[in-house]
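Summary of structural features
Listed below, chain by chain, are the residues.
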Amino acid sequence: RAVGRAAAVPREGGHGKAVAIAQAAAAAAAAAAAGDGSTAGTGAMARPTDCRREPPGAGRNCSEVLQQAAWQPENLLALAIMLPSAARSPRLWLLFAAYICTAGLPWANPALSLRSAGPDGLFFAVAVGPALAVCYGEAAGWLCDGKLEAMMMLGSLQALLDLKLTWRPWAHVAQVLAFAACTSALEGVPLLWAVLFAGAQKIALGCCLSQHLWGRCFSAIEGLFWAQTVAVICVSFLHGYLASFSGWRLVSIFSVVLVIFTLLFFALTALAHALFSRADVVSVHWSPVDAGLTTLAMFAVWMLTGIGGWAANSPDRTPLVWLRDFVLAPRHARFLLWQWPSILVVGVGSIHLIAVRSAASCGTGIATRRKVLHRKAFHALAVALFMPPILAGEGEFLGFCLMVAALLFIVLETCRVCRVPGLAPTLDSFVGRYLDKREDTRRGDLVLTHLYLLLGCAIPVWLESTAQASRGFPGAEARPWDSLRLSSGVLLVGVGDAFAAACGVSFGRIRWPLSHRTLEGSTAFAVSILLAACSTWALAPRHASGAEGPVPELRQLLAYAGATVLSMLLEVYTHSIDNLVLPLYFCPLLRALGG
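All of the points below concern the structure found in this document. By convention here, each chain's residues receive numbers from 1 onward along its written sequence. In keeping with the model being predicted, local features are shown solely for residues with a pLDDT of at least 70 and side-chain atom pairs are shown and tallied solely at 80 or more, while totals for entire chains, interfaces and linings include all residues. With hydrogens and water set aside, each side-chain value is computed from the structure's full complement of heavy atoms.

Before going further, it helps to examine the overall build of the chain. Under the DSSP-based scheme used, a helix requires at least four consecutive residues in state H or I and a strand at least two consecutive residues in state E, with every element numbered from the N terminus. When you go through the chain residue by residue, the secondary structure sums to 25 helices and zero strands. Within the span of the chain, comprising 595 residues, buried residues form 51% of the whole. Whether two residues are in contact is decided by their heavy atoms, any of which lying within 4.5 Å being enough. When contacts within the chain are restricted to residue pairs at least 6 apart in sequence, long-range pairs at least 24 apart make up 76% of them. Only protein chains enter the accessibility calculation, which uses a 1.4 Å probe. A residue is then buried if its area is under 20% of the maximum for its type, exposed if over 50%, and partly exposed in between.

The following block contains the structure:
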């Protein structure tokens, strides 16, 4: 635009102005080529709109990019969980040393791309998984027989190399075998588990970040989150199946099997897509439907028979009978049958009606501000849906329902992206009203914000329910501090993020350095979370044998306040979707700080 204005300046008396504008344009182009992300006229560091990472050497100084990556705020904030966790598990220093070494490599894998073109918090991405394993691995020992921390270290070290180097097919196999052999020899992890973990993570990470698939839709932490989640589920299922799920609780068996069937749905969808595209008989748009019907048939067989280890744990009840008894228990039925449906119908219907009318009656600037408020109304809806079960001591039931809802969201998004006739246009018209510039259905992007909102509320529930189950049955010893940790995701994304956005777009004036976020919005984020946490503490159930005082201990107060402030800074500077990364950061940080 500056070059165009320079060309439009009249020659009479305007030559000096044209030269100045042209020089400014050249300086801006050089700054953009160097990857500094500065934007003239905004007074803040704007996020790049180009969804693909530039290949190495494409006009960007690699040493400057690496220097930015090393000192990016996300990476510095990762030290807050890395240092306390390393005191408990010294092997995390190996990951820190590996990052320092790879940060100096002047390469980047050109086959992979990220949502943002600049440095994307690589150390933050590889540190979160091992930190979660250190803080929650002992409670989740049933997942990988106590080897979760070692395998997360394996995955993070492998991801560092995969993001830096290009590998030929045979080199991928050799790398997986070499990492698996080293992990097996040094950590005592069964070789089959290590091979499966490394291979599953590599395939999933390649699918998420490949330039030819969905690389433009994920940041580094998001892609690695999905890859390591898939790898953990695969290893856990293998471990449980070989041991007939001995020591597993029935809700855990059902949940893991349900996720495995969802992964099978993805594999069958890809297979059907390939077959339909070659045969040219059936439209490839129907591939999710065919894959879904096949997966449902196999899942129905498992529900009726319980083959594969279920009978060893529950010989008198099939999975279908157990599911009926679990969800229709009197304490659960009131949420599932009338409370949640009523809130969803009224809440979603009202938000959508207001959004439709607002879009038709407002100008561009006001419409943009109102779109933000409409999107954050769904965060308030999440609070109304998920806080009552937490305060009622039903964290396990809530976690199971959130898992089922997340899988349904993933299946629906698969159908939308594959353009299933009838369903895809309807979903596009609904979600398109609430998307920001990071997601665009017209260019084929994945729409993940709504899924990440659900996952952001669910991750602390899953982690803390597992930790509580390791001490006994969830809810048997209801304590306010347990309820506060269970609700941390709801408070972060449902309360804090919503108040930050509402205050930021309405009253924000002072911007943080190198960010478009405002100080007013960040203050609202921290204050609203702390006030909501006080309310949660006051309303949480108290068991007679484990009652806590009217206020938390000083150590707990300092840990919660410190984790909230650091999460506020992460929300300011992250290039990822904050609905997902805030709970992933807050949960291990709270435990690492002594909470």
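Time to look at the pattern of salt bridges. Salt-bridge detection follows one rule: a side-chain nitrogen of Lys or Arg within 4 Å of a carboxyl oxygen of Asp or Glu. In the structure shown here, the tally under the stated rule is 16 salt bridges. With a closest N to O distance of 2.8 Å, lysine 376 and aspartate 497 form a salt bridge. Of the two residues, lysine 376 sits in helix 17 (residues 364-391) while aspartate 497 sits in helix 22 (residues 488-507), which places them 121 residues apart along the sequence. Of the residues examined, lysine 376 reaches a relative accessible area of 11% and is grouped as buried. Put simply, glutamate 413 and arginine 416 hold a salt bridge, and the shortest N to O gap is 2.7 Å. A residue pair is termed a helical-turn pair when its members lie 3 or 4 positions apart in one helix, as glutamate 413 and arginine 416 do in helix 18 (residues 395-417) at three residues. Here the residues in one salt-bridge network are Glu413, Arg416, Arg419 and Asp428, joined through shared partners.

Let's shift gears to the environment of valine 327. Tracing the backbone shows valine 327 in helix 15 (residues 319-327). The contacts of valine 327, once residues within four sequence positions are left out, are His332, Ala333, Leu336, Phe397 and Phe400.

A few words now on the side chain of serine 483. Tracing the sequence through the fold places serine 483 in helix 21 (residues 480-486). Assessed through its relative accessible area of 5%, serine 483 is described here as buried. The residues touching serine 483, leaving out its near neighbours within four places in the chain, are Ile390, Thr536, Ala540 and Pro541.

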